[in-house]
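What follows is each chain in one-letter form.
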Amino acid sequence: MTQTRGQGFESGITGVGKYFPDRAVTNHDLEKIVDTNHDWIVERTGIHERRFADPGVTSTDLAVHACRQALDMAGVKADELDGIIVATVTPDMMFPSSGCVLQQKLGAGRCWAFDLSAACSGWVYAASVADSMIRSGAARRVMVVGVDVMTSIIDMTDRNTCILFGDGAGATLFERLPEGEEGMLALELGADGSGGEFLYMAAGGSAKPASAETVANREHYVVQDGQSVFRAAVQGMAQVTLNVLDQAGVTAEEVALFVPHQANLRIINYAAKKAKLAPEKVMVTIDRFGNTTAATIPSSLCIAHEEGRLAKGDLVLATTFGAGFTWGGAVLRWVLGD
Ligand code: UT7
């Protein structure tokens, strides 16, 4: 669905942050756990290594570091935030929300805080909420976090999934921009619930509360029909990429950097090719961090900024496709830098 964004205040990203656990796990490390091999993983996914959090480390433990970096960059204090949105499929617990837990860890006063569940599309969905709230005047500063501790829901005996995911956090501070400055140019969100059967975690919700049986049946782990998701993701990513560019009235040549969701290098390359985006304009972090679900786009934005791949005024394109199915795209002007 194309978002009707209306008139109002402009929002832009004035601070970015990221955090990954220290423990790097290579494909060779995984060869010792499941029947897989480095060459297969690299050829099929583009992943060389990923980071795993130590047991007991939570999503908000990662998120708090990323948020502090973003706040420092923007010169904003935590208690100046109007709100926090945490996009995640691995909240610290069912409730209270990780937004509330994070608010307290950050010392963010009494700003509103909530979680948003859109799996790999979480950051784009949350960015859209933040933009709408700033645009309407309801908020001035919103912290949008994408974070997942995927190792808390990954079956380390399932080679179909355990090689794909990693743990990480990305934070983006959205602020109302001074008059005359341009931030978010276009947003596109979509979902198709009929895709739910291809990527899910069966138990732990109201449909199947945790029980000895759900544990014995290994139903608290991610299940993915890789090929079906791949087919849908290839088409879906390409389509949302073309749609959001069209909606923004921007050509591929005008885009400085394409920051796609990092699920599979083949999906990324296909979407880039379809949109005629030159390979050097494509941000790839999957080789180093694997698929960190909601964290891929915000952490990649931070890495791109740190690596000097983004300058003030650049046009950034970010698109995603994931469980739900959900998808989303954003075209925004980079306001960070001199
Ligand atoms: O971010 C959320 C959205 N998720 C995605 O976008 C992921 C979409 N899916 C994918 O990225 C790919 O489907 C995978 C990377 C998950 C799998 O790649 P694939 O090219 O679709 O492989 P496949 O599932 O068709 O498996 C091909 C072969 C099979 O063997 P046979 O039946 O041909 O003998 C698998 O059993 O590869 C085998 N295989 C493996 N071999 C070594 C599956 N997993 C592994 C493994 N190591 N880890």
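Partitioning the protein chain into structural domains gives domain 1 (11-176) and domain 2 (184-333). One C-alpha centre belongs to domain 1, the other to domain 2, and the line joining them spans 14 Å. Between domain 1 and domain 2, the contact holds 52 residues from the first and 46 residues from the second. Taken as a group, C120, W123 and V124 account for 17% of the area that domain 1 buries against domain 2, more than any other trio of residues on that side. Our enumeration of links across domain 1 and domain 2 arrives at two salt bridges. The shortest N-O distance in the salt bridge between D155 and R218 comes to 3.0 Å. Going through the elements one at a time, β1 (11-19), α2 (38-45), β3 (49-51), α3 (59-74), α5 (122-136), β6 (141-149) and β7 (167-176) are the ones with two or more residues in the side of domain 1 that touches domain 2.

Let's shift gears to unusual backbone geometry. With an omega of 0°, the peptide bond between F95 and P96 qualifies as cis. Within the fold, P96 resides in the loop between β4 (83-87) and α4 (98-106). Going from G324 to F325, the amide bond is cis rather than trans, its omega being -5°. Among the secondary structure elements, F325 is positioned in the loop between β12 (315-322) and β13 (326-333).

Counted by the stated rule, this structure contains 13 salt bridges. In this structure, E306 and K18 form a salt bridge, with 2.8 Å as the shortest nitrogen-oxygen distance. With a gap of 288 residues between them, E306 in helix α11 (residues 296-306) and K18 in strand β1 connect regions that are remote in the sequence. With a relative accessible area of 41%, E306 lands in the partly exposed category. For R23, the salt bridge goes to D54, with nearest N and O atoms at 3.2 Å. Linking R23 in the loop between β1 and β2 (24-26) with D54 in the loop between β3 and α3, this pair joins segments that are 31 residues apart in sequence.

Rules and cut-offs
Residues numbered from 1 in each chain as written. Predicted model: local features only at pLDDT ≥ 70, side-chain atom pairs only at ≥ 80, totals over all residues. Heavy atoms only, no water. Domains from an automatic or database assignment. Contact = heavy atoms within 4.5 Å. Buried area = accessible area lost by both parts, 1.4 Å probe. Salt bridge = Lys/Arg side-chain N within 4 Å of Asp/Glu carboxyl O. Helix = DSSP H or I, 4+ residues; strand = E, 2+ residues; numbered from the N terminus. Buried < 20%, exposed > 50% of the residue type's maximum accessible area, 1.4 Å probe, protein only.

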